[in-house]
There are 2 protein chains.
Amino acid sequence: MSAAVGANAPSETISFTELSALLERIFVTHGASAEVAAVLAHNCATAQRDGAQSHGVFRMAGYLSTLASGWVNGAAVPQVEDVASGYIAVDAGNGFAQPALSAARPLLVRKAREAGIAVLAIRNSHHFAALWPDVEPFAEEGMIALSVVNSMTCVVPHGASRPVFGTNPIAFAAPCAGRPPLVFDMATSALAHGDVQIAAREGHSLPSGAGVDRHGQPTTDPKAVLDGGALLPFGGHKGSALSMMVELLAAGLTGGNFSFEFDWSRHPGAQTPWTGQLLIVIDPARAAGNDFAERARELVDRMAQAGVSRLAGERRYQNRAQAQQQGIALAPEHLAQLRQWAEG
Amino acid sequence: MSAAVGANAPSETISFTELSALLERIFVTHGASAEVAAVLAHNCATAQRDGAQSHGVFRMAGYLSTLASGWVNGAAVPQVEDVASGYIAVDAGNGFAQPALSAARPLLVRKAREAGIAVLAIRNSHHFAALWPDVEPFAEEGMIALSVVNSMTCVVPHGASRPVFGTNPIAFAAPCAGRPPLVFDMATSALAHGDVQIAAREGHSLPSGAGVDRHGQPTTDPKAVLDGGALLPFGGHKGSALSMMVELLAAGLTGGNFSFEFDWSRHPGAQTPWTGQLLIVIDPARAAGNDFAERARELVDRMAQAGVSRLAGERRYQNRAQAQQQGIALAPEHLAQLRQWAEG
């Protein structure tokens, strides 16, 4: 690690490897098993490195308060069930979703390669991270991946007056010849929950049309949304329909909780939604006589010709490249906090 | 058929069976094979019956001018390839996509039941209809279905200045206990192309933010959109990312044309996009210990409690029930036109 003087705020830099190791120590110190700690630390460090600040080290306080509350089992051992030639189910054992994906991943890849498509249905799981880190690695191996995860009641369905859905993101990744994978991760709400939390912390307003207060009235105040208010779906009835689809796939199909079903009131400090996650992986090598990655490149080249200046995922790759050269910049007080947590 | 005097415009009514038979005769008279005519007629009559007017008999003139132009093969015989335990590819032979789906459907259902999930990749196909009729029947058999189809360049990607994508709809269907299936079909553009055509014909304005004119300037004039202008994605960058995903899945993966690739300039009258279609079908019976349809019902009951007054697909079911009782109402001049076409 080295001190760096930024143009604006003072910051220190830390390498990805060092940050991962530091976060891993924190998770272990606070009750996670070695396996779970390694997966979550890598995930969180990846988000920080790639500039996804709402899912980076900002999330650590929530992870720790959740572990301390007894709401999640940081040492859960996922149970992988080989259900059919294209179907895997995992009981995450009230643990995190990422270790469940990690445990099932080799079988999922094998099934997708053999059957052409395979589905991974994770239930009884907590997802408190960005969704793109779950799909991007499949595209790096030449496969197409789609994932949905439901979260916690904070989004009012189109035409309704009270929240039912979670922010319910959809993530997609596909290989692209000569470029990093095409990856997007979108909340089906007008804003992601982490963005509302950051806006509240930093005193920013929300865009109009994104949220309502506790009385169901439109508001741009992030604190009013967090204090008994709710978010709206993106894109009106269409985003609302997609959010419903996420509930049906991530919870209805997997056997997880819907966003409105779990009750963490007896676990003060709990922040992780106890729901489910679905992944669908397709092997485009099955598309005979057609190199999918080359075709994807033709599409994005045409998009660039039409004036698209930044492709899905591109900002993350730029941040990643910069972090690989210069390290990951963190405010000194945040780094000090992380080191303190690592000591217990 | 019987004459009926409506409250507003005069209309005649025709039963679903009669309308299907009439449309079937029209397709055969204009060069479709008996198999293709039966599938397309059922599809088009279904849309008209269910109130999806932009994809009902309104589409017939476009079908006929396209067949007359030699752009599509109305007698194509789809070639079904059993690629893997969860993967089917179909070469539609420059014919319509619906007969290709029809030819592959029994194998698709069998694979989804056995593997838990299966994909159908249709290429070299034309899709000129609503997408929900393709997915709804799977949900009626207890399965979950997702489909995407790309169309023709008329949507400007977010951040671009010129169109690349088609209207690129996404359709989803899921069973729901004690209710008809939950079904949605959404263009990833702010409006569907058929809605723009109908607005132009009827002299209505488009909502703002939906389209641009031939100079890339925002417009609410449907004729300006149709005359060298373009549509915008719904929901800004999110809808745009979904539209890109549809191109990648419906064309890149299947081996079909992207929306910007085909050139129908030598076929005056051609209106059907020559692209591809992807369907993914999941058998929720694989979700052990969890009745998906019951769970879906719990979700929609909660949505109703929160104030949702009309579920996805519900308006179509209401129109369908009314048509089953009272027949399908058509303007006399439209019905006369159909009868004339049936005679050649």
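Notes on the structure follow. Residue numbering note: each chain is counted from 1, following its sequence as written. Key to labels: chains lettered from A, ligands numbered from 1, both in the order written. The model is predicted, so local features are restricted to residues of pLDDT at least 70 and side-chain atom pairs to those at 80 or more, both for listing and for counting; the totals for chains, interfaces and linings are taken over all residues.

### Section: the overall build of chain A
Part 1 of the reasoning: Numbering of helices and strands runs from the N terminus; a helix is a DSSP stretch of H or I covering at least four residues, while a strand is a stretch of E covering at least two. On a plain count of helices and strands, chain A comes out with eleven helices and 13 strands.
Part 2 of the reasoning: We compute the radius of gyration over the C-alpha atoms and compare it with the globule rule, which gives 2.2 Å times the number of residues raised to the power 0.38. For chain A, the C-alpha radius of gyration of 20 Å lies close to 20 Å, the compact-globule estimate for 344 residues.
Part 3 of the reasoning: In terms of principal-axis extent, the alpha carbons of chain A reach across some 55 × 50 × 45 Å.
Part 4 of the reasoning: Three exposure classes are used, all based on how many other C-beta atoms lie within 10 Å of a residue's own C-beta (placed from the backbone): buried at 20 or more, exposed at 12 or fewer, and partly exposed between those limits. Expressed as a percentage of its 344 residues, the buried residues of chain A come to 58%.

### Concerning the relation of the copies chain A and chain B
Part 1 of the reasoning: Take chain A, turn it by 180°, move it 0.0 Å along the axis, and it overlays chain B with an RMSD of 0.0 Å. Such a combination of rotation and displacement between the chain copies is what one expects of a two-fold axis. Measuring from the rotation axis to each C-alpha of chain A, the shortest distance belongs to glycine 235 of chain A, at 2.2 Å.
Part 2 of the reasoning: What counts as a contact here is a pair of residues whose C-beta atoms, placed from the backbone, lie within 7 Å. Take the interface residues of chain A: 100% of them recur as interface residues in chain B, which is what a same-surface contact looks like. Here the copies are matched by least squares. The fit uses the C-alpha atoms of residues with pLDDT of at least 70 in both.

### Focus: the environment of proline 207 of chain A
All names here are of chain A.
Part 1 of the reasoning: With respect to the helices, strands and loops of the structure, proline 207 is situated in the loop between α6 (193-202) and β9 (211-212).
Part 2 of the reasoning: Residue class for proline 207 comes out exposed when judged on the 10 C-beta atoms lying within 10 Å of it.
Part 3 of the reasoning: In this structure the C-alpha to C-alpha distance between proline 207 and glutamate 24, which are 183 residues apart in sequence, comes to 36 Å.

### Considering helix α4 (residues 97-115) of chain B
All names here are of chain B.
Part 1 of the reasoning: Remark: the principal bend of α4, roughly 50°, maps to arginine 105, with a proline, proline 106, within the next four residues.
Part 2 of the reasoning: All of the buried residues along α4 are Ala97, Gln98, Pro99, Ala100, Leu101, Ala103, Ala104, Leu108, Lys111, Ala112 and Ala115.
Part 3 of the reasoning: Backbone geometry just after α4 places glycine 116 at a positive phi near 95°. Think of it this way: the bend at a residue is just the angle between two axes, each fitted to seven residues, one set ending at that residue and the other starting at it.

### So, the interface of chain A and chain B
Part 1 of the reasoning: Residue-level contacts link 58 residues of chain A with 58 residues of chain B.
Part 2 of the reasoning: With nine residues, the top contributor of residues to the side of chain A that touches chain B is helix α8 (residues 237-253) of chain A.
Part 3 of the reasoning: When residue character is reported, Ala, Val, Leu, Ile, Met, Phe, Trp, Tyr, Cys and Pro are called nonpolar, Asp, Glu, Lys and Arg charged, and the others, Gly included, polar. Counted by class, the side of chain A that touches chain B contains 37 nonpolar, 14 polar and seven charged residues.

### Section: the pairing of strand β7 (residues 170-176) of chain B
Residues and elements named next belong to chain B.
Part 1 of the reasoning: Counting buried positions along β7 yields seven of seven residues, so the element is predominantly enclosed.
Part 2 of the reasoning: Here β7 shows two buried faces, one formed by Ile170, Phe172, Ala174 and Cys176 and the other by Ala171, Ala173 and Pro175.
Part 3 of the reasoning: Taken together, the four bridges between strand β6 (residues 144-149) and β7 define a ladder with antiparallel strand orientation. Each bridged residue has a counterpart across the sheet, and for serine 147 the counterpart in β7 is alanine 171.
Part 4 of the reasoning: Examined bridge by bridge, β7 and strand β8 (residues 179-186) share six bridges and lie antiparallel to one another. The partner of phenylalanine 172 across the bridge, within β8, is phenylalanine 184. Strand pairing is assigned whenever DSSP detects at least two bridges linking the two strands.

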